Protein chains: 2
Amino acid sequence: MPHSESSSFADRLATAVSRTNSVTCVGLDPRLEQLPASIRQMADSGAPDAKAAAYSQFCREIIDVVKDRVPIVKPQAAFFEQLGPAGMISLGEVIRYAHQSGLMVITDAKRNDIGSTATAYAQAYLGVEDASPWGSDSLTVSPYLGRDSLEPFVDVCDQRAAGVFVLVKTSNPGGGLLQDRVTDEQTVYERVADLVSELNQDRIGASGYGPVGAVVGATYPEQLAQMRAAMPHSWILIPGFGAQGGSADDVLAGFDPKGSGAIVNNSRNLIFAYQREPFAEKYGESRWQDAVSDATDQMNQVLLQRFSR
Amino acid sequence: MPHSESSSFADRLATAVSRTNSVTCVGLDPRLEQLPASIRQMADSGAPDAKAAAYSQFCREIIDVVKDRVPIVKPQAAFFEQLGPAGMISLGEVIRYAHQSGLMVITDAKRNDIGSTATAYAQAYLGVEDASPWGSDSLTVSPYLGRDSLEPFVDVCDQRAAGVFVLVKTSNPGGGLLQDRVTDEQTVYERVADLVSELNQDRIGASGYGPVGAVVGATYPEQLAQMRAAMPHSWILIPGFGAQGGSADDVLAGFDPKGSGAIVNNSRNLIFAYQREPFAEKYGESRWQDAVSDATDQMNQVLLQRFSR
C-alpha cells in the first residue's frame, strides 16, 4: 500500500503503529552464513549477483510474513553494501517490496556528512514513490559532525515527508566512551538529544511527533526514560532488544503514556528465529518462515502486555 | 599500477608522497550542476545511468590529469550514492581507474556501525585488487559509537593492508558542538585522538605510520598542531583547504618534520577550477582539464614552498 506523501513521516508511523497494534520493527540483516539452507544455496556460486538474489528472496519472504504484524522494517545497509553494487540493487528491491506490502521502512545506514554532501545522502535514501533511488521513509544518521550535518537531512525530510533517527545513546558496550562524557553536568548524548528537540521544533504533526527521531538503546533503561522526557516529540528507535540483552521491561520507558512514540527493533532473534529455541525444535530450518511469524507474534505479545494499549 | 598488498597502507602512502613529491589529495566530488558542459550533456536524459556515465567520465579525465601529480584521490561516496545503484557502479569504476593509473584511493563515506555490521562496511570498501567490491585503499569512518565501532574496521585493515581515517576534528563550523566539549580538561576530539593512537599501537610500519589515520580540518590550525603531536604515528587527512578557507600556512602544522604524515584534500577548487579565476579566464570551460592541471600544480607548489622537502 503506497502511502500518500502528504502525510508526514511521524504521522504515518503513528497510524501504522495503531493499525497493526504493534511497536515492533523487524531488522532485515541478511547475514549470508545464517540464511536458511534453502535460500543460502541460491548463493552457492559465490557471485555477488547470486548472493544479492538470495538476500532479496530472504527479505521478501520475511516481509510476506510480517507485513500485517508490524508497522515498519529496518534493512541494514551494511550487509547489502558488502555485496557491492549488486547488493545495493537488492536493497532497493527490498525497500520497494516492503512499501508494496504496506510496511514503512527505516534504512539503517548511519550516514553523516556536511552541507551539500549531507544533502546528497539524504536525497539518495529519503522519500518514497520514486522521490529517491532507494525510496526509504526514514534513515539513521550520526551526529558527530554537529548541527550543520543534521540540518540538510531535516531539510530533505521537510521536502519529502520523510524522517531521520539521530544516534543519541547507542546500545553497544563501547557507546559510552564519547556519548557519556559530561560537560557542565550534561552528557554528550544529552546534548545530542537537545539538538534533536531543537531540530524537531515547529515540525510537530497531528500525532504529536516530528520528523527528527532518535536512536536510544534498550540496554540503558534509565537513560531511555530520561531521553523520552528530553525529546517528547521524537520517535525513538530502540535497538538492543533481544539478542543484545534488552528486555520488554527495559524498553517500556521509551514510550509515551499512550504506548506510542517508540518502536523496538529486533533483528536476528526474529529473522533467524529458526536457529534458537523454542522455534528451532518446533519448526526446524525448513519452516523458518513460521519461526519468524511465531517469534514476531511473541514479541508483539510481550510488548502489548506491558502497555494495555 | 596496482600495488602489492604486502606493503601496508601507511607505507604505500609514504612511498606515493615521496614519488610524486606531493601531499595533495584530489577530492572527486562530481556535483552534476558544476560539471563542464561537454560532460554534463552526457546526463541530459536525466536517467541515473546517464548521470553515472557522466560522473565516471569526469572522474576519469581528472585522474588522467592528476595521476602523476598527486599520490591519492578521494571520491566522495555521497554524490555517487545520490544516483542510486548506477552511481555505486560508477564509484567502483572510478576507484579501479584510479588504481590502474597508479593513484591511491580514500573512499570518503564516513561509515560507522558496530560489530559484524561494521565489519560488513569495512569488507565492502577496504582492500584493493578484488579483495572488496569497491576496492579502496582506505575509508573515512565516524567515531560516535566508540571503540567497538572502530575495531572491526581496523581488523579488516590488518587483513587487507588497508587504512582508515577516523573523524577527529572536522572542518565545518558546527563541528565543535560535540567535538569541542571538555570533560576533565580533555575535549571529545582529544579523546578520539587518544583512541586513534591506541588503535594504531603495534601496527606502525617502516614509514613510522600505522593504518589508523585521522581527519583534522585545516580550519583549526592550532588544533592541527596539537593533533599532530597527539597522534605521531597517524596519517592526517586535512580537509577544508581552499574553498573552506584553510591556507597553506594553516595546514603546515599537520606535517611531521620531514614534511610527511599528512595529506591535504582539495575538491572543488581543483576539479572545478575552470569556474574560478585565474583559471576561468585563462582556460574557459572547454579547457577545463588544463584548469585542473594548473590548479593542482599551483597547490603542490604552494605546499612545497612551505616545506623544502
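Note on numbering: residues in each chain are counted from 1, in written sequence order. Chain letters and ligand numbers both follow the written order, the letters beginning at A and the numbers at 1. Local features in a predicted model are, by the rule used here, given only for residues with pLDDT of at least 70; side-chain atom pairs are given and counted only at 80 or more, and totals for whole chains, interfaces and linings are based on all residues. Hydrogens and water molecules were not included; the side-chain quantities draw on all heavy atoms of the structure.

**Student:** How should the overall build of chain A be read in this particular structure?
**Tutor:** Helix numbers and strand numbers start at the N terminus; a helix is a DSSP run of H or I with at least 4 residues, a strand a run of E with at least 2. Helices and strands together make up the secondary structure of chain A, namely 14 helices and 10 strands. Put simply, the radius of gyration uses C-alpha atoms, and a globule should come to 2.2 Å times the residue count raised to 0.38. By the compact-globule yardstick of 19 Å for 309 residues, chain A fits well, its C-alpha radius of gyration being 18 Å. In terms of overall dimensions, chain A has C-alpha extents of about 55 × 40 × 40 Å along its principal axes. Counting across all 309 residues of chain A, residues that qualify as buried make up 63%. Pairs at least 24 apart in sequence give 72% of the contacts found in chain A among residues at least 6 apart. Chain A carries 26 positive and 37 negative side-chain charges, and their two centres are separated by 3 Å. The buried label applies to any residue whose accessible area, calculated with a 1.4 Å probe on protein chains only, is under 20% of its type's maximum; exposed applies above 50%, and partly exposed to all values in between. Contacts are residue-level and defined by heavy atoms, with any inter-residue pair within 4.5 Å sufficient. A positive count includes Lys and Arg, and a negative count includes Asp and Glu. His and the chain ends are not counted in either. Every charge is mapped onto a representative atom, which is NZ of Lys, CZ of Arg, CG of Asp or CD of Glu.

**Student:** Explain the UniProt feature "domain: Orotidine 5'-phosphate decarboxylase" (unreviewed entry) in chain A to me, please; I cannot follow it from the model alone.
**Tutor:** UniProt positions are given in the numbering used here, feature names are shortened, and annotations may be inferred rather than shown by experiment. Per the UniProt annotation, the sites labelled "domain: Orotidine 5'-phosphate decarboxylase" (unreviewed entry) are residues 23-283 of chain A. The span residues 23-283 of chain A is 42% helix and 17% strand, and its two end C-alpha atoms sit 25 Å from each other.

**Student:** What is the right way to read the nonpolar core from this model?
**Tutor:** In a soluble, globular protein the nonpolar side chains are often hidden away together inside. By size, the foremost hydrophobic cluster in this structure holds 214 residues, and its most contacted members are V168 and I263 of chain A together with V168 and I263 of chain B. Beyond its immediate stretch of four places on either side in the chain, I263 of chain A contacts L13, V17, V23, C25, I72, I106, F165, W235, I236, L237 and I238 of chain A. Nine residue types can take part in a nonpolar core, namely buried Ala, Val, Leu, Ile, Met, Phe, Trp, Tyr and Cys, and a core is a set of them joined through side-chain atoms within 4.5 Å.

**Student:** Which parts of the structure should I look at to understand the packing of aromatic side chains?
**Tutor:** Aromatic ring pairs are reported here in terms of the distance separating the ring centres and the angle at which the planes meet. Each Phe, Tyr or Trp ring (for Trp, its six-membered ring) is paired with any other whose centre lies within 6.5 Å, and the angle between the two planes then decides the class: stacked below 30 degrees, edge-to-face above 60, tilted in between. On inspection of all chains with the given rule, the structure shows 12 aromatic pairs over all chains. Taken together, a centroid distance of 5.5 Å and an interplanar angle of 10 degrees make the contact between F58 of chain B and F272 of chain B stacked. In this pair, F58 of chain B sits in helix α3 (residues 48-66) while F272 of chain B sits in the loop between α12 (268-271) and α13 (279-283), placing the two residues 214 residues apart along the sequence. Across the pair, exposure class does not vary: F58 of chain B and F272 of chain B are buried alike. An aromatic cluster is present here, built from F58, F272 and W288 of chain A joined pairwise through their rings. If you follow K169 of chain A out to its NZ or CZ, it ends over the ring of Y220 of chain A, 4.0 Å from the centre. Two conditions define a charge sitting above a ring: the NZ of Lys or the CZ of Arg must be within 6 Å of the ring centre, and it must be within 35 degrees of the ring normal.

**Student:** I'm lost on the relation of the copies chain B and chain A in this one. Help?
**Tutor:** The operation relating the pair of chain copies consists of a rotation about an axis and a translation along that axis. Superposing the copies works by least squares over the C-alpha atoms of residues that have pLDDT at least 70 in both of them. Once turned by 180 degrees and shifted 0.0 Å along the axis, chain B lies on chain A with an RMSD of 0.0 Å. Look at the turn and shift together and you get a two-fold axis relating the two.

**Student:** Explain unusual backbone geometry here, please?
**Tutor:** In most cases, non-glycine residues show a negative phi, while peptide bonds are predominantly trans. With omega at 5 degrees, the peptide bond leading from E277 of chain A into P278 of chain A counts as cis. Tracing the chain through its elements places P278 of chain A in the loop between α12 (268-271) and α13 (279-283). At N21 of chain B, a residue that is not glycine, the phi angle is positive and equals roughly 50 degrees. The partly exposed category is assigned to N21 of chain B, whose relative accessible area is 33%.

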